[in-house]
Amino acid sequence: GSSKDTKDVIPIKETTKEAFHAMIEFIYEVEIDWETKSAVDLFYLANMASKYLIEEMGEYVKKISETFPLTMETVVEIAATAEEFCQFEETSTALFLHCAKFLKSQLTSVNSCLTFVARYSDTDMMATAVKLVAKLDQLSQQEEQTTEHKVKKCPAGHLLIKVV
């Protein structure tokens, strides 16, 4: 008909060629090598999932962000990427929380926390590093609240721990 598109190329905006290709692979259930995807790639995929209403892919991207490989050298940069793409709230929050939980396992003393913050002072990553440390405090408070609900005393005053 007269409304037929005569262009050979259809422009796809707000993504990368790789992310669009991965979306097509996801739709056609082709195995995707998620380990080769960067944090930025995950957000381009989250964008594609949102834009083209592919809820299952959006959920999968969030799940991948919860297990994204981290090191002490990359954790702040990855957290900064999560902050940069905050418009993808679920994926951004999941990735930032994953970074904070990773740090919690690595920073086991006051001195290690101070060393970590000092490493990023006067850098463009300072705000993100401080937010991560603040998130560690929130995680610790949540754990304490959870523990308080599990600990009970018997009438004699002895501690009883409720197994959940």
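The structure displayed is predicted, hence computed values, not measured ones. (Residues numbered from 1 in each chain as written. Predicted model: local features only at pLDDT ≥ 70, side-chain atom pairs only at ≥ 80, totals over all residues. Heavy atoms only, no water.)

Asker: I tried to follow the packing of helix H2 (residues 39-51) against helix H5 (residues 89-106) on my own but got confused; where do I start?
Answerer: To describe two helices that pack against each other, one gives the angle between their axes and the distance between the axes. Running from N to C, H2 and H5 cross one another at 155°; their axes reach a closest spacing of 10 Å. With respect to their mutual orientation, H2 and H5 come out roughly antiparallel. Every pair of crossing elements has a handedness; the one defined by H2 and H5 is right-handed. Along the contact surface, H2 presents Ala39, Phe43 and Ala46, while H5 presents Thr91, Ser92 and Leu95. (Axes fitted to C-alpha atoms, helices over the stretch in contact; angles between N-to-C directions. Helix = DSSP H or I, 4+ residues; strand = E, 2+ residues; numbered from the N terminus. Parallel < 35°, antiparallel > 145°, perpendicular 65-115°, else oblique. Left-handed = near helix turned anticlockwise from the far one by under 90°. Contact = heavy atoms within 4.5 Å.)

Asker: How do you make sense of unusual backbone geometry when you look at a structure like this?
Answerer: The phi angle of most residues is negative, glycine excepted, and most peptide bonds adopt the trans form. We note that Leu53 has phi near 55°; this positive angle belongs to a residue other than glycine. With respect to the element layout, Leu53 can be found in the loop between H2 and helix H3 (55-65). Residue Asp122 is not a glycine yet carries a positive backbone phi of 60°. Topologically, Asp122 is positioned in the loop between helix H6 (110-120) and helix H7 (126-150).

Asker: I would appreciate a short explanation of the environment of Glu66 in the present structure.
Answerer: Structurally, Glu66 is set in the loop between H3 and helix H4 (75-84). Separated by 33 residues in sequence, Glu66 and Cys99 place their C-alpha atoms 8.7 Å apart. When sequence neighbours within four positions are dropped, the list of residues in contact with Glu66 reads Ala94 and His98.

Asker: Any chance you could explain the nonpolar core here in plain terms?
Answerer: In a soluble, globular protein the nonpolar side chains are often hidden away together inside. Formed by 40 residues in total, the largest nonpolar core has its most connected members in Trp34, Met57, Leu103, Phe116 and Leu132. Looking at this core, the elements that each hand over two or more residues are helix H1 (17-27), H2, H3, H4, H5, H6 and H7. Leaving out residues up to four positions away in the same chain, Leu132 has contacts with Val75, Val76, Ala79, Phe96, Cys99, Ala100 and Leu103. (Core = buried A, V, L, I, M, F, W, Y, C linked by side-chain atoms within 4.5 Å. Buried < 20%, exposed > 50% of the residue type's maximum accessible area, 1.4 Å probe, protein only.)

Asker: What is the right way to look at the environment of Glu83 in this model?
Answerer: As for its placement among the helices and strands, Glu83 is situated in helix H4. Measuring from C-alpha to C-alpha, the distance between Glu83 and Phe96 comes to 7.5 Å, with 13 residues separating the pair along the chain. Apart from residues lying up to four places away in sequence, Glu83 is in contact with Ser92, Phe96, Thr128 and Lys131. Reaching out from Glu83, the side chain makes a polar contact with the side chain of Lys131 at a distance of 3.1 Å. (Polar contact = N/O pair within 3.5 Å; in protein donor to acceptor, adjacent residues only side chain to side chain.)

Asker: What am I meant to see in the packing of aromatic side chains here?
Answerer: Two aromatic rings, taken as a pair, are described by how far apart their centres are and by the angle between their planes. Counted by the stated rule, this structure contains six aromatic pairs. Each ring, one from Phe43 and one from Phe88, has its centre 6.4 Å from the other, and the planes form 35°; the classification is tilted. Here Phe43 is found in helix H2, whereas its partner Phe88 is found in the loop between H4 and H5, with 45 residues between them in sequence. By relative accessible area, which is 0% here, Phe43 ends up buried. Three or more aromatic residues joined by ring pairs make a cluster, and in this case those are Phe43, Tyr44, Phe85 and Phe88. (Phe/Tyr/Trp six-rings, centres within 6.5 Å; stacked < 30°, edge-to-face > 60°.)

Asker: Whenever I open this one, H3 confuses me. Can you help?
Answerer: Residues lying three or four places apart along an α-helix face the same way, a consequence of the helix completing one turn every 3.6 residues. For H3, the complete set of buried residues consists of Met57, Val61, Ile64 and Ser65. Projected down its long axis, H3 shows its buried positions confined to an angular sector of 100°, all on one face. Facing away from the buried side of H3 by over 90 degrees, the exposed positions are Glu55, Glu56 and Lys63. (Arc of directions from axis to C-beta.)

Asker: Explanation requested: the pattern of salt bridges in the structure shown.
Answerer: Opposite charge on two side chains makes pairing possible when the charged atoms of those side chains draw close. Taken as a whole and judged by the stated rule, the model has two salt bridges. Two residues, Glu66 and Lys62, come together in a salt bridge whose shortest N-O distance is 3.6 Å. A relative accessible area of 27% means that Lys62 is categorised as partly exposed. With a shortest N-O distance of 3.1 Å, Glu83 and Lys131 are connected by a salt bridge. One end of the pair, Glu83, is in helix H4; the other, Lys131, is in helix H7, and 48 residues separate them in sequence. The partly exposed category is assigned to Glu83, whose relative accessible area is 23%. (Salt bridge = Lys/Arg side-chain N within 4 Å of Asp/Glu carboxyl O.)

Everything listed is a geometric property; what it means functionally is a separate question.
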